[in-house]
Amino acid sequence: VICIGLEGTAEKTGVGIVDSDGHILALQGRALLPEKGGIHPREAAQHHAENLVPLIKKSLNEANLSLEDLDMVAFARGPGLGPALRTVATAARSLALSLDVPIVGVNHCIGHIEIGRLTTGCQDPLTLYVSGGNTQVTAFDAGRYQIFGETLDIAIGNCLDQFARTVGLGHPGGPRVEELALASDNYLKLPYTVKGMDLSFSGLLTAAIRKYESGAALEDVCHSLQETAFAMLVEVTERALAHSKKSEVLLVGGVAANQRLREMLEVMAQEHYAEFFMPEMKYCGDNGAMNAWLGLLMYQNSKKMDICDTRVKQRFRTDQVDVPWREKSPL
Ligand code: ATP
Ligand code: FE2
């Protein structure tokens, strides 16, 4: 079975083609990079509308396939930006109807976990998913990917991006903050907010901006912002690891590009005799292959979806989805 997966929950348009043996036959994507300011949901939707068809064509070329070779269509129903989700869903439905093939709407966060398992070979990980729109710690338990901890306000990537934008570093902020942080080891005290197993980054963001505005060196603030935010992430991941008794830690999402975060997580995992995994960066950020692969898993193991089951869900939670493929096969 050959599945094409469409992705466009935020500002990246992605298309991937995967077969039921887990071979990734094509991976194409294009991110919207705003000149200034953040991402507007309608601009993201427009970006997807312009890029989906060219990226589908490129993917077919890359895989050496034609439209008729596609056996099914998958796309992410959420979570994400409403207009962006609706544009991609419309494209997926049109493609499935015109080819007369099945359609599967998937959960974006689970897509990250499953492409992580497929491409790294880890089996049953505790996952830290960190991106511009999401921050969550999940593990498989009792038939679902349960959320052990998550952000109560903004995502870690969004915190880094908003900080960078406010102090004039441009977008995306994560890589710029990381670069500047390398030039300092002077830690300035910033608020550390872990509530139970959940995280809050908005107070940290405001405090970091205030530190800079009251004259602290930008390198020092970048260093302190990273150390504080990443220590919070590692603390919650560590407690979830101890509680869930998993022996693998998987890091996914765009913020996984950060070397310092990786290093901190890896050390924590080692201390718990757990193995650390991270997909190649092209499978870490949003991509179409993750939805194609999860679509295949769902198609083969879940109730078939009808077009009317493919409504988008802006706040689609990871723990709302049954995960029968984990019970049945060790895929
Ligand atoms: P999602 O829809 O999953 O929330 P996204 O639209 O945020 O995804 P991703 O590519 O997964 O897209 O992640 C982008 C985020 O990753 C941005 O917030 C960016 O600042 C952050 N990022 C990228 N590189 C780094 C880095 N080196 N250090 C820290 N953060 C980084
Ligand atoms: Fe994502």
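In this text, all values refer to a predicted model and were calculated from it rather than measured experimentally.

Basis of the calculations
- Residues numbered from 1 in each chain as written.
- Chains lettered and ligands numbered in written order.
- Predicted model: local features only at pLDDT ≥ 70, side-chain atom pairs only at ≥ 80, totals over all residues.
- Heavy atoms only, no water.
- Axes fitted to C-alpha atoms, helices over the stretch in contact; angles between N-to-C directions.
- Helix = DSSP H or I, 4+ residues; strand = E, 2+ residues; numbered from the N terminus.
- Parallel < 35°, antiparallel > 145°, perpendicular 65-115°, else oblique.
- Left-handed = near helix turned anticlockwise from the far one by under 90°.
- Contact = heavy atoms within 4.5 Å.
- Donors = N, O, S within 2.8 Å, 3.2 Å for Na, K, Ca; no water.
- Near = heavy atom within 4 Å.
- Polar contact = N/O pair within 3.5 Å; in protein donor to acceptor, adjacent residues only side chain to side chain.
- 1 Å grid on protein atoms, 1.4 Å probe; cavity = no way out; pocket = protein on both sides within 12 Å on 5 of 7 lines; lining within 4 Å.
- Sits in = over half its atoms within 2 Å of the grid points.
- Nonpolar A, V, L, I, M, F, W, Y, C, P; charged D, E, K, R; others polar.

Bringing the packing of helix α1 (residues 41-63) against helix α2 (residues 82-99) into the picture now. Following both chains from N to C, one finds α1 and α2 inclined at 25 degrees, their axes separated by 7 Å at the closest point. Judged by the angle between their axes, α1 and α2 are roughly parallel. For the element pair α1 and α2, the recorded crossing hand is right-handed. Here P41, R42, A44, A45, H48, A49, L52 and I56 of α1 lie close against α2, whose contacting residues are P83, A84, T87, V88, A91 and L95.

Let us now look at the coordination of the iron ion (ligand 2). Looking at the iron ion (ligand 2), one finds its protein donor set to be H108 (NE2), H112 (NE2), Y129 (OH) and D286 (OD), positioned 2.0 to 2.3 Å from the metal centre. Of note, the iron ion (ligand 2) draws all its donor residues from one chain, in the sequence arrangement H-x3-H-x16-Y-x156-D. Of this pair, H108 and H112 both sit in helix α3 (residues 108-120), separated by four residues, roughly a single helical turn.

Here the focus is the site of ligand 1. Around ligand 1 sit 24 residues, and of these Y129, S131, G132, G133 and D161 come closest. Contact distances for ligand 1 include 3.2 Å between an oxygen atom and a side-chain N or O atom of N134. Between D161 and ligand 1, the recorded distance is 2.6 Å, taken from a side-chain N or O atom to an oxygen atom. Under a 2 Å grid-point criterion requiring more than half of the atoms, the pocket assigned to ligand 1 is the largest pocket. Mapped by element, the contributors of at least two residues to the shell around ligand 1 are α3, α4 (156-166) and α5 (173-181). Counting residues per element, the shell around ligand 1 draws most heavily on α5, which supplies four residues.

Time to look at the environment of D322. Relative to the helices and strands, D322 is located in the loop between α10 (288-301) and α11 (324-328). Measuring from C-alpha to C-alpha, the distance between D322 and Y145 comes to 8.1 Å, with 177 residues separating the pair along the chain. In contact with D322, other than residues within four places in its own chain, are G143 and R144. Polar side-chain contacts of D322 include one of 2.9 Å to the side chain of R144.

Below, the discussion takes up the packing of α4 against helix α6 (residues 202-213). Put simply, α4 and α6 touch, their axes get as near as 10 Å, and they point 25 degrees apart. One finds that α4 runs roughly parallel with respect to α6. In this structure, α4 meets α6 at a crossing whose hand is right-handed. On α6, the residues touching C159, Q162, F163 and T166 of α4 are L205, A208 and I209. In terms of residue class, the contact of α4 with α6 is made up of five nonpolar, two polar and no charged.

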